[in-house]
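# Structure at a glance
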Amino acid sequence: MGCYLHPISKNRTSMNKEYYVLTVEDTSSAEFTKNYWKKSPEFSLWKYIRENGAYPEQIPDLNLEIRIYDDVEFNRLNDFILSPIDKLCISEKVKNIMEHYCLPEHRFFNVDVYMPKKRNKVDINYYALHYDFTYIQNDILGMIDYEKSNIRIKTNAGEYLLVRDRKDVENLPIHNRTISEMISKLSQTAKLREKNQKQISALSEEYWEFERVDKIYFNRSFDFSMDLFQIPYFSWMIYISDKLKEELERNCITGITFSIPGNKQYLVHRPNPILEWV
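Below: a short report on this structure. All values derive from a computational prediction rather than experimental measurement. (Residues numbered from 1 in each chain as written. Predicted model: local features only at pLDDT ≥ 70, side-chain atom pairs only at ≥ 80, totals over all residues. Heavy atoms only, no water.)

## Here we look at the pattern of salt bridges
Close approach of charged atoms allows side chains of opposite charge to pair. All chains considered together, the criterion is met by eleven salt bridges. In this structure, Arg-212 engages Asp-214 in a salt bridge whose closest nitrogen and oxygen atoms are separated by 4.0 Å. What makes Arg-212 partly exposed here is its relative accessible area of 45%. (Salt bridge = Lys/Arg side-chain N within 4 Å of Asp/Glu carboxyl O. Buried < 20%, exposed > 50% of the residue type's maximum accessible area, 1.4 Å probe, protein only.)

## Some details on the sheet that holds strand β10 (residues 208-210)
Across the sheet, three strands lie side by side as β9-β8-β10; this open sheet has antiparallel pairing. With partners counted over all chains shown, the strands left at the sheet margins are β9 (160-162) and β10, one partner each. Going from strand to strand, the sheet's axes swing by 30° on average, the running direction of each strand aside. Looking at chain direction, strand β8 (residues 152-155) and β9 are connected through three bridges and run antiparallel. What sits directly across from Arg-152, in β9, is Leu-162. Packed on one face of the sheet, helix α5 (residues 166-186) meets β8, β9 and β10 and runs near 145° to β10. (Pairing = 2+ DSSP bridges. Helix = DSSP H or I, 4+ residues; strand = E, 2+ residues; numbered from the N terminus. Axes fitted to C-alpha atoms, helices over the stretch in contact; angles between N-to-C directions. Contact = heavy atoms within 4.5 Å.)

## Remarks on the pairing of strand β11 (residues 215-218)
Where burial is concerned, the two faces of β11 differ: the one with Ile-216 and Phe-218 is buried and the one with Lys-215 and Tyr-217 is not. Where β11 meets strand β15 (residues 274-277), four bridges bridge the pair, whose relative direction is parallel. Bridge pairing links Lys-215 to Ile-274 in β15.

## Observations concerning the packing of aromatic side chains
Counted by the stated rule, this structure contains 19 aromatic pairs. An angle of 15° between the planes, with centres 6.1 Å apart, marks the rings of Tyr-19 and Trp-277 as stacked. One end of the pair, Tyr-19, is in strand β1 (residues 19-24); the other, Trp-277, is in strand β15, with 258 residues separating them in the sequence. On the accessibility criterion, Tyr-19 (1% relative accessible area) is buried. Taking the relative accessible area as the measure of exposure, Trp-277 reaches 1% and is therefore buried. Residues Phe-32 and Tyr-36 carry aromatic rings whose centres are separated by 3.9 Å and whose planes lie at 15° to one another, so their mutual orientation is stacked. Here the two residues Phe-32 and Tyr-36 agree in accessibility, since each one is buried. A connected cluster of aromatic rings, assembled from ring pairs, spans Tyr-19, Phe-218, Phe-222, Phe-224, Phe-229, Tyr-239 and Trp-277. Here the guanidinium or amino end of Lys-95 rests over the ring plane of Tyr-127, the centre of that ring lying 5.0 Å away. The side chain of Arg-152 reaches across the aromatic face of Tyr-160, ending 4.0 Å from its centre. (Phe/Tyr/Trp six-rings, centres within 6.5 Å; stacked < 30°, edge-to-face > 60°. Lys NZ or Arg CZ within 6 Å of the ring centre and 35° of its normal.)

Now the structure itself:
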């Protein structure tokens, strides 16, 4: 696992839990198989969760199948596999560890993993660890100190709106979806698009996006019992507790690295803010 890192401090002496960024390495990378696309169910779990804010009581077989890439630099069989599966693709060894820690509401789904140029799937059992911090487990948005974090919304017109609370955050996708629906109605045919071009252009200027946030401050309601969490809209990172990190290291889990929040920045835009606690 490499050397141990000095964790971030939280200015809360009563709390002793620290958090790290978990990154899945690309040394074990995979893509969906052709068979997956043939058998892919019409049911969309993401769409159901977005519309209902919860998991369905019964979820049909998702027929998850992935194949490890041929390239020698990507074709290891690690405990964590970098793949299009939402959210994490993990071995049974990792699943058995995760089940003893405080995770967000989640579901495990079977994943068939195939090595390159082989028809038989690997002997190790793999699972999709699925969770959602946008529509289900969104309490994290209420734990942010928005005044200290100085979060702003940028409009396409170049204006800035200050985010005051989680309602402002949740209103952004609703606002953008409304704009998209209005544009869609105005451009249902080529003739309509041509007729309504000026109105469509004006509406296109009404889209909002969050300005990049360099530092997130959490308020005193932050739930330190969490061993895994994400911050929707403001970070692409997966955060795990020091206790879970140590357990993964102790069990020699492969395919992951750890870093301090905010320390690692990317050439491609992948928000990774510094985390602070007030």
